[in-house]
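Coordinate analysis (summary)
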2 protein chains.
Amino acid sequence: MQRRDFIKGVGAGSLAVGALTGGIGSAHAKAEYKWKMVTTWPKNFPGLGTGANNLAALIGEMSGGRIEVKVFGAGELVPAFEIFDAVSRGTAEMGHGSAYYWKGKSEAAQFFSTVPFGLTAQEMNGWIYHGGGMELWTELYAQFGLVPAPAGNTGVQMGGWFNKEINSVEDLKGLKMRIPGLGGEVLARAGGIPVNLPGGELFTALQNGTIDATEWVGPYNDLAFGLYKAAKYYYYPGWHEPGTILEAMINKKVYEGLPADLQSIVMNACKVVNQDMLAEYTARNPVALQTLITKHNVDLRRFPDDVILKLRALSEEAVAEIAQKDEFSSKVYSSYKKFLSQSKEWSGIGELTYLQARDQA
Amino acid sequence: MQRRDFIKGVGAGSLAVGALTGGIGSAHAKAEYKWKMVTTWPKNFPGLGTGANNLAALIGEMSGGRIEVKVFGAGELVPAFEIFDAVSRGTAEMGHGSAYYWKGKSEAAQFFSTVPFGLTAQEMNGWIYHGGGMELWTELYAQFGLVPAPAGNTGVQMGGWFNKEINSVEDLKGLKMRIPGLGGEVLARAGGIPVNLPGGELFTALQNGTIDATEWVGPYNDLAFGLYKAAKYYYYPGWHEPGTILEAMINKKVYEGLPADLQSIVMNACKVVNQDMLAEYTARNPVALQTLITKHNVDLRRFPDDVILKLRALSEEAVAEIAQKDEFSSKVYSSYKKFLSQSKEWSGIGELTYLQARDQA
């Protein structure tokens, strides 16, 4: 995970804007609602920032220009981590971020993004849309005058780039790794030293030995960042962000003031972008991975089983502790945990067993 | 796979209608477009038929009632397997089915549903939306005056219910199994006897020994069908339908006659339903599986590795032969095959490796 740090370190001037963005202008004249969308991303950042652009464009397109949404990158209107409050008080009508940024408001928020060894992207959609997750998320954000919606997913993220081989649990001790959030919390419990650095400093820090390892997102974003030039080994699998949901949030009063058709358009545009971003990562990651392997000779490695088991046990502890913070977090944890447990059983004869049958000798 | 046979054998009178369906009525008075949607499903059939209902309701809701879509079950307006021609000639404005039903029009159509040992649901979305699949599908259907769109996915389907144990490739010889389409073609190549039976006859045929085995969909639909009462063993994994896309098709002239906002609403409603149906199966399957195991003591089994390897090799042959039928099928096969090959590599350090790390000891 990296988004917390995008803001400071990453320039985005040369990056392409989502293809849909051009569609709004023509309908400009008849806009009944002019909205500002504040985001936690640098404007036009690939995948995440362009997803926000696509969301704005879709709302404009489906509403025939009745709603016009102007996207602001992090810091343009408000700083990245003030968007929650800004939309809550109505400074902006909507925002695009990810719920784990708001764990200061409620620890439970993290379940609506991703947690280590948790649900995959597809399973998150099952829990959110048909397993009770959306109702809980809506209840939580209503306390802040917000309406939430999933609006993007990166899919499973990678375990990171390493300059030190991990052959045992012992090798995690003293490991200086850039890994924020719950993943960092778990690394610390394993004896490692989680470091927080902005995205733009990762390359240099890894190259000059300030850190031993760093995670980022996955092949698509990692290739663009050039991390393969600074690291000896590319380790896998990812374990700390198995299917990170990006969110849209809309000011509740503004949303409730819309006619029913526009309410439906706004919420369904979020659903479309939620699916589309995951599809984009699912298409771009394989191509980028191939480039990393064949062109840049990246050395793919696997964590030994005992390391995975240790990280998994520590993750379960860390996630369970969220439930102890307050009553609402406990309720969300129960719902999530039950869905995860059932999903594992189904995965064990469904998705996982299929992928093994298809991909392994 | 079962949908080809729903039509004859399955009553649907008692099944719930999708929650959204109620929303259209209020906007009835101002409908500018009154459309008929013909489907290959019995009306209101869970997951598939209710998905079609949701699609119609969403279009009504987002358009503020400007488009009103009335859904017809199989046989109500035209028989199930005439919906392609009916929408093509404009008897109905749109349809809901699955592309492999139209292999008589082009063998390539099968790639836009699912093929044995092919892409998962998530990967299909990657290929379709960001990997060139949509362009090919659009090109194919344009020849028939149709605009296609993904509009639902069952996720990975199960390998089926068996009364005869499969301990080796030899045990497939002479196996009478109800398995239509490419799956049946592969079973025949392995020496088995694929049987085609309507859904409503499966239970009795399995119980009285007319067939040794049958596939259907997955836990959610299989539980409702009561197949656990007729079969000794529940085998896995599924291999023949790893992520079946349901489709919407719209008459091209009708579509092109819509203003841009309504075009966008129709196509995006399809995207919403595409994601929603997969989320529904992802949430319902785990719960149904748990009921099958704990309440009905279903005996889960696994095909031996040599059986999987044999089925996989035969599937690759069968799928490759589609490419030889005509030039367009060859073009689609090339695109699909390249995406599949890259996806396997990515899955091998992404989704598959993550699920192993999370779910296995």
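Residues numbered from 1 in each chain as written. Chains lettered and ligands numbered in written order. Predicted model: local features only at pLDDT ≥ 70, side-chain atom pairs only at ≥ 80, totals over all residues. Heavy atoms only, no water.

Summing up its helical and strand segments, chain A has 13 helices and 11 strands in all. The C-alpha radius of gyration of chain A comes to 20 Å, within 12% of the 21 Å expected for a compact globule of 361 residues. Counting across all 361 residues of chain A, residues that qualify as buried make up 63%. Partitioning the intrachain contacts of chain A with sequence separation of at least 6 by distance along the chain shows that 79% fall at a separation of at least 24. Of the roughly 12100 Å² that chain A leaves accessible, carbon and sulfur atoms contribute 50%. When the 34 positive and 37 negative side-chain charges of chain A are each reduced to one mean point, those points stand 3 Å apart. (Helix = DSSP H or I, 4+ residues; strand = E, 2+ residues; numbered from the N terminus. Rg over C-alpha atoms; globule rule 2.2 N^0.38 Å. Buried < 20%, exposed > 50% of the residue type's maximum accessible area, 1.4 Å probe, protein only. Contact = heavy atoms within 4.5 Å. Areas by Shrake-Rupley, 256 points an atom, 1.4 Å probe, with all protein chains shown as cover. Lys, Arg positive; Asp, Glu negative; His and termini not counted. Charge placed at Lys NZ, Arg CZ, Asp CG, Glu CD.)

Residue and element names in this part refer to chain B. The strand order across the open sheet formed by five strands is 2-1-3-10-4, and the pairing between neighbours is mixed. For this open sheet the edge positions go to strand 2 (67-72) and strand 4 (146-153), each flanked by a neighbour on one side alone. Here the strands of the sheet are splayed against their neighbours by 25° on average, with no regard to which way each runs. Relative to strand 2, strand 1 (residues 33-39) runs parallel, the two being bridged by six bridges. Pairing of Met 37 across the sheet is with Val 71, part of strand 2. Its contacts with the sheet place helix 5 (residues 133-142) against strand 4 and strand 10 (245-251), and it is angled at close to 130° to strand 4. (Pairing = 2+ DSSP bridges. Axes fitted to C-alpha atoms, helices over the stretch in contact; angles between N-to-C directions.)

As a further point, take the sheet that holds strand 7 (residues 193-195) of chain A. Strand order in the open sheet formed by six strands is 7-6-8-5-9-11 (chain A), and the pairing between neighbours is mixed. Of all strands in the sheet, those with a lone pairing partner are strand 7 and strand 11 (300-302) of chain A, marking the two edges.

A few words now on the packing of helix 2 (residues 48-62) of chain A against helix 10 (residues 260-294) of chain B. In a packed pair of helices, the relevant descriptors are the angle between the two axes and the axis-to-axis distance. Two elements in contact, helix 2 of chain A and helix 10 of chain B, have axes separated by 8 Å at closest approach and are oriented at 120°. Classified by the angle between their axes, helix 2 of chain A and helix 10 of chain B sit oblique to one another. On the side of helix 2 of chain A, the interface is formed by Leu 58, Glu 61 and Met 62 of chain A, while helix 10 of chain B contributes Asp 261, Ser 264, Ile 265 and Asn 268 of chain B. Here the residues of the contact of helix 2 of chain A with helix 10 of chain B sort into three nonpolar, two polar and two charged. (Parallel < 35°, antiparallel > 145°, perpendicular 65-115°, else oblique. Nonpolar A, V, L, I, M, F, W, Y, C, P; charged D, E, K, R; others polar.)

Attention now moves to the UniProt feature "binding site: Na(+)" (unreviewed entry) in chain A. Within this numbering scheme, the UniProt entry marks Trp 216 of chain A as carrying the feature "binding site: Na(+)" (unreviewed entry). Within the secondary structure layout, Trp 216 of chain A lies in the loop between strand 8 (213-214) and helix 8 (219-225). (UniProt positions renumbered as here; feature names shortened; annotations may be inferred.)

Below, the discussion takes up the interface of chain A and chain B. Every contact between the two is made by 71 residues of chain A and, on the other side, 71 residues of chain B. Roughly 6700 Å² is buried in total at the junction of chain A and chain B, and carbon and sulfur atoms are behind 61% of that figure. Three residues, Trp 346, Tyr 354 and Arg 358 of chain A, lead the burial of chain A against chain B; their summed loss comes to 12% of the area buried on that side. Summed over the shared surface of chain A and chain B, the result is two salt bridges. The salt bridge involving Glu 123 of chain A is made with Arg 358 of chain B; its shortest N-O contact spans 2.7 Å. On inspection of chain A and its partner chain B, the count reaches 29 residue pairs in polar contact (both at pLDDT 80 or more). Only helix 2, helix 4 (121-130), helix 10 (260-294), strand 11, helix 11 (305-322), helix 12 (327-347) and helix 13 (351-359) of chain A provide two or more residues apiece to the side of chain A that touches chain B. For the side of chain A that touches chain B, the element with the most residues is helix 10 of chain A, which contributes 21 residues. The residue makeup of the side of chain A that touches chain B, split by class, is 34 nonpolar, 23 polar and 14 charged. (Buried area = accessible area lost by both parts, 1.4 Å probe. Salt bridge = Lys/Arg side-chain N within 4 Å of Asp/Glu carboxyl O. Polar contact = N/O pair within 3.5 Å; in protein donor to acceptor, adjacent residues only side chain to side chain.)

So, about the pairing of strand 9 (residues 233-236) of chain A. Residue and element names in this part refer to chain A. The alternating pattern of strand 9 places Tyr 233 and Tyr 235 and Tyr 234 and Tyr 236 on opposite faces, both of which are buried. Direction of pairing for strand 5 (residues 160-162) relative to strand 9: antiparallel, over a ladder of three bridges. Bridging from a neighbouring strand, Phe 162 pairs with Tyr 233 of strand 9. In this sheet, strand 11 lies alongside strand 9 in parallel orientation, the contact comprising three bridges. Note on strand 11: the bridge partner recorded for Tyr 235 is Arg 301.

What follows concerns the pattern of salt bridges. Enumeration over the complete set of coordinates arrives at 28 salt bridges over all chains. Between Lys 105 of chain A and Asp 85 of chain A there is a salt bridge, with its nearest N and O atoms 2.7 Å apart. Of this pair, Lys 105 of chain A sits in the loop between strand 3 (94-97) and helix 4 while Asp 85 of chain A sits in helix 3 (residues 83-89); the two residues are 20 residues apart in sequence, bridging distant segments of the chain. Of the charged contacts in the structure, one is a salt bridge between Glu 139 of chain B and Lys 331 of chain B, with a shortest N-O distance of 3.2 Å. Within this pair, whereas Glu 139 of chain B is found in helix 5, its partner Lys 331 of chain B is found in helix 12 (residues 327-347), the two being separated by 192 residues in sequence. The exposure class assigned to Lys 331 of chain B is partly exposed, which follows from its relative accessible area of 39%. Members of the salt-bridge network, linked through shared partners, are Glu 185, Arg 189, Glu 317 and Glu 321 of chain A.

Within the secondary structure, Gly 64 of chain B is located in the loop between helix 2 (48-62) and strand 2. Separated by 33 residues in the primary sequence, Gly 64 of chain B and Ala 31 of chain B place their C-alpha atoms 8.6 Å from one another.

On to the relation of the copies chain A and chain B, then. Between the two copies, chain A and chain B, the superposition gives an RMSD of 0.0 Å; the rotation angle is 180° and the shift along the axis is 0.0 Å. Each copy turns onto its partner about a two-fold axis. The share of interface residues of chain A whose copies in chain B are also at the interface is 100%, consistent with both copies meeting through the same surface. (Least-squares fit on C-alpha atoms with pLDDT ≥ 70 in both.)

Turning our eyes to something else, we now look at the state of the cysteines. Under the defined criterion, the tally for this structure stands at zero disulfides over all chains. No disulfide involves Cys 270 of chain A; its sulfur sits 18 Å from the nearest other cysteine sulfur, which is in Cys 270 of chain B. By relative accessible area, Cys 270 of chain A is classed as buried at 0%. (Disulfide = S-S within 2.5 Å.)

Counting across every chain of the model gives 44 aromatic pairs over all chains. Consider the rings of Phe 84 of chain A and Tyr 141 of chain A, whose centres lie 5.3 Å apart with planes at 85°: the pair is edge-to-face. Of this pair, Phe 84 of chain A sits in helix 3 while Tyr 141 of chain A sits in helix 5 (residues 133-142), placing them 57 residues apart in sequence. For the pair Phe 84 of chain A and Tyr 141 of chain A, a shared accessibility class is recorded, and that class is buried. Arranged with centres 5.1 Å apart and planes meeting at 45°, the rings of Phe 111 of chain B and Tyr 336 of chain B form a pair that is tilted. (Phe/Tyr/Trp six-rings, centres within 6.5 Å; stacked < 30°, edge-to-face > 60°.)

All names here are of chain A. The UniProt record marks Gln 157, Arg 178, Glu 215 and Glu 241 with the feature "binding site: substrate" (unreviewed entry), using the residue numbering of this structure. Look at the named residues: they lie 85 residues apart in sequence, but the longest C-alpha span between them is just 14.5 Å, so in the fold they bunch up. Relative to the helices and strands, Gln 157 is located in the loop between strand 4 (146-153) and strand 5. With relative accessibility at 1%, the residue Gln 157 sits in the buried group. Mapped onto the fold, Arg 178 is located in strand 6 (residues 176-178).

This next bit is on the packing of helix 10 of chain A against helix 10 of chain B. With their axes 9 Å apart at the nearest point, helix 10 of chain A and helix 10 of chain B run at an angle of 60° to one another. On the basis of their axis angle, the class for helix 10 of chain A and helix 10 of chain B is oblique. The handedness of the crossing between helix 10 of chain A and helix 10 of chain B is left-handed. Listed contacts from helix 10 of chain B to Ile 265, Asn 268, Lys 271, Val 272, Asn 274 and Gln 275 of chain A of helix 10 of chain A are Ile 265, Asn 268, Lys 271, Val 272, Asn 274 and Gln 275 of chain B. (Left-handed = near helix turned anticlockwise from the far one by under 90°.)

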